[in-house]
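Residues per chain, in single letters:
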Amino acid sequence: MSKTSIACIALDGNKVLIAHRIPVGQMGDRWEFPGGKVEQGETDEQAVMREFREEFGVDVTVGTQIAVSEFEHNGQTVFLHAYQIFVPHNGQKKKYVLTEHTEYAWIDVLDIPNLNFVDSDLKIYEQVKDFVSRESR
């Protein structure tokens, strides 16, 4: 049985929100797009809203699906669906409350390959980069 994970893509011009994982687990201490697993009985959109609320303490609006990929995790196929999200604020004046990450940043999408980014999110990078370039025109 396959699993599905979601990635949340928040934009500010050509900048995208990324987060630095706490230094535990297989993907610990690496940068990623916020997101996580879709729970049983949950839609992708519900998972996006739940994961962002759990990890950042804010409610988001879910936009369109912008990328799809798949990867292997512990011998299992995982489908990765990325959605544009709209955050109520950028987390600068009023900080996001982090539970799974040590920090977050808004970075130019072109800088992502220079970071220690999780492998699964790199699989959707080209699709995300293309979306950002279309949206920021």
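Right, let's walk through the structure included here.

Calculation notes
- Residues numbered from 1 in each chain as written.
- Predicted model: local features only at pLDDT ≥ 70, side-chain atom pairs only at ≥ 80, totals over all residues.
- Heavy atoms only, no water.
- Helix = DSSP H or I, 4+ residues; strand = E, 2+ residues; numbered from the N terminus.
- Expected span 1.5 Å × (residues − 1).
- Buried < 20%, exposed > 50% of the residue type's maximum accessible area, 1.4 Å probe, protein only.
- Contact = heavy atoms within 4.5 Å.
- Phe/Tyr/Trp six-rings, centres within 6.5 Å; stacked < 30°, edge-to-face > 60°.
- 1 Å grid on protein atoms, 1.4 Å probe; cavity = no way out; pocket = protein on both sides within 12 Å on 5 of 7 lines; lining within 4 Å.
- Points joined across faces, edges and corners; volume = space filled by probe spheres on them.
- Nonpolar A, V, L, I, M, F, W, Y, C, P; charged D, E, K, R; others polar.
- Core = buried A, V, L, I, M, F, W, Y, C linked by side-chain atoms within 4.5 Å.

Helix length check: helix α1 (residues 44-56) (13 residues) gives 18 Å between terminal C-alpha atoms against 18 Å at 1.5 Å per residue, within 8%. Listed in full, the buried residues belonging to α1 are D44, A47, V48, R50, E51, F52, E55 and F56. Each element contacted by the buried residues of α1 is listed here: β1 (3-12), β2 (15-21), β4 (35-37), β5 (61-73), β6 (76-86) and β7 (101-108). Backbone geometry just downstream of α1 places G57 in the positive-phi region, at approximately 75°.

Tallied over the entire structure, the rule returns 6 aromatic pairs. Taking 6.3 Å as the distance between ring centres and 85° as the angle between the ring planes, the aromatic pair formed by F52 and Y96 counts as edge-to-face. Of the two residues, F52 is situated in helix α1 and Y96 in the loop between β6 and β7; the sequence distance between them amounts to 44 residues. Pair check on accessibility: F52 and Y96 agree, each one buried. With a centroid separation of 4.8 Å and 45° between ring planes, the pair formed by Y96 and Y104 is classed as tilted. An aromatic cluster of three or more residues is present, and its members are F52, F56, Y96 and Y104.

Inspection of the secondary structure assignment puts L80 in strand β6. Each C-alpha atom of the pair L80 and T4 lies 5.8 Å from the other, and the pair is 76 residues apart in sequence.

To continue, consider the layout of surface pockets. Estimated volume of the largest pocket: approximately 770 Å³. Taken together, 33 residues form the lining of the largest pocket, with R21, M27, E32, K37 and S120 sitting closest to its centre. Of all the secondary-structure elements, those providing two or more residues to the lining of the largest pocket are β1, β4, α1, β5, β6 and α2 (119-122). By residue number, the principal contributor to the lining of the largest pocket is β1, which donates 5 residues. Classifying every residue of the lining of the largest pocket by side-chain character gives 11 nonpolar, 11 polar and 11 charged.

Further remarks concern the nonpolar core. V16, I18, F33, I112, I124 and V128 are the most contacted members of the largest nonpolar core, which totals 21 residues. Every element with two or more residues in this core is listed here: β1, β2, β5, β6 and α3 (125-135). With 4 residues, α3 is the largest single contributor of residues to this core. Here I18 is in contact with W31, E32, F33, P34, Y104, A105, I107, I112, L115 and F117, once residues within four sequence places are set aside. Membership of the second largest hydrophobic core comes to 17 residues, among which are A19, V38, F52 and W106.

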